[in-house]
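Report on the structure
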Amino acid sequence: MPSPAGISVSDASSRALETVLASLEDSKAENIVSIDIQGKSTLGDHMVIASGRSHRHVSAVADHLLTALKDAGFGNARVEGLSSADWVLVDSGDIIVHVFRPEVRDFYNLEKMWQAPDLEEETLH
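Here's a quick rundown of the structure. (Residues numbered from 1 in each chain as written. Predicted model: local features only at pLDDT ≥ 70, side-chain atom pairs only at ≥ 80, totals over all residues. Heavy atoms only, no water.)

**Topic: the pairing of strand β5 (residues 95-100)**
The condition that has to hold: For the exposure calls, accessible area comes from a 1.4 Å probe over protein chains only, and a residue counts as buried if that area is under 20% of its type's maximum, exposed if over 50%, partly exposed in between. A run of H or I in DSSP becomes a helix once it reaches four residues, and a run of E becomes a strand once it reaches two; helices and strands are each numbered from the N terminus. Here the rule is simple: two strands pair whenever DSSP picks up at least two bridges between them.
Here β5 lies mainly inside the structure; six of its six residues are buried. Across the two faces of β5 the burial is the same, with Ile95, Val97 and Val99 and Ile96, His98 and Phe100 all buried. With six bridges connecting them, strand β2 (residues 46-51) and β5 associate as parallel partners. For His46, the partnering residue across the bridge sits in β5 and is Ile95. Taken together, the five bridges between strand β4 (residues 87-91) and β5 define a ladder with antiparallel strand orientation. Residue pairing across strands places Leu89 opposite His98, the latter belonging to β5. Count of turn residues in the β4/β5 antiparallel hairpin: three residues, of which Gly93 carries a positive phi of about 105°.

Here is the structure:
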């Protein structure tokens, strides 16, 4: 679907994902996982999960990501958890990014939940 500026939504989403992944790499985030959630959720198109080595590293990774998104023209993303920096959520609209300390990431294990196969629509529960 084209936007008023002539840029398709999928192109903007792909560019946002590239920006997110490049920022995480630049910040030395660890164990970066990108999950396509199109069709699984209306929250966004992609979920990216990464780890920082410490509270300070998680905070720095999230701050760098917020700056990268703004500089790339994606505006101000919503952020939660920056003050404690155990788990920081950055919501840029199409891309949702979780940056965890390793112990917190292991506890919540979001990858397992979001990478589970889709159930058939006819399945009765």
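**Overview of the side chain of His98**
Selection rule: As used in this structure description, the phrase polar contact means that two N or O atoms lie within 3.5 Å; if the pair is within protein, one of them must be able to donate a hydrogen and the other to accept it, and residues adjacent in sequence are counted only when both atoms belong to side chains. Any two residues having at least one pair of non-hydrogen atoms within 4.5 Å are treated as being in contact.
Summarising the element assignment, His98 is placed in strand β5. Judged by relative accessible area, which is 7%, His98 ranks as buried. One polar contact links His98 to Trp87, side chain to side chain, over a distance of 2.9 Å. Beyond its immediate sequence surroundings of up to four residues, His98 is in contact with Met47, Val48, Ile49, Ala50, Trp87, Val88, Leu89 and Leu110.

Interpretation note: all reported values are geometric properties and have no functional meaning in isolation.
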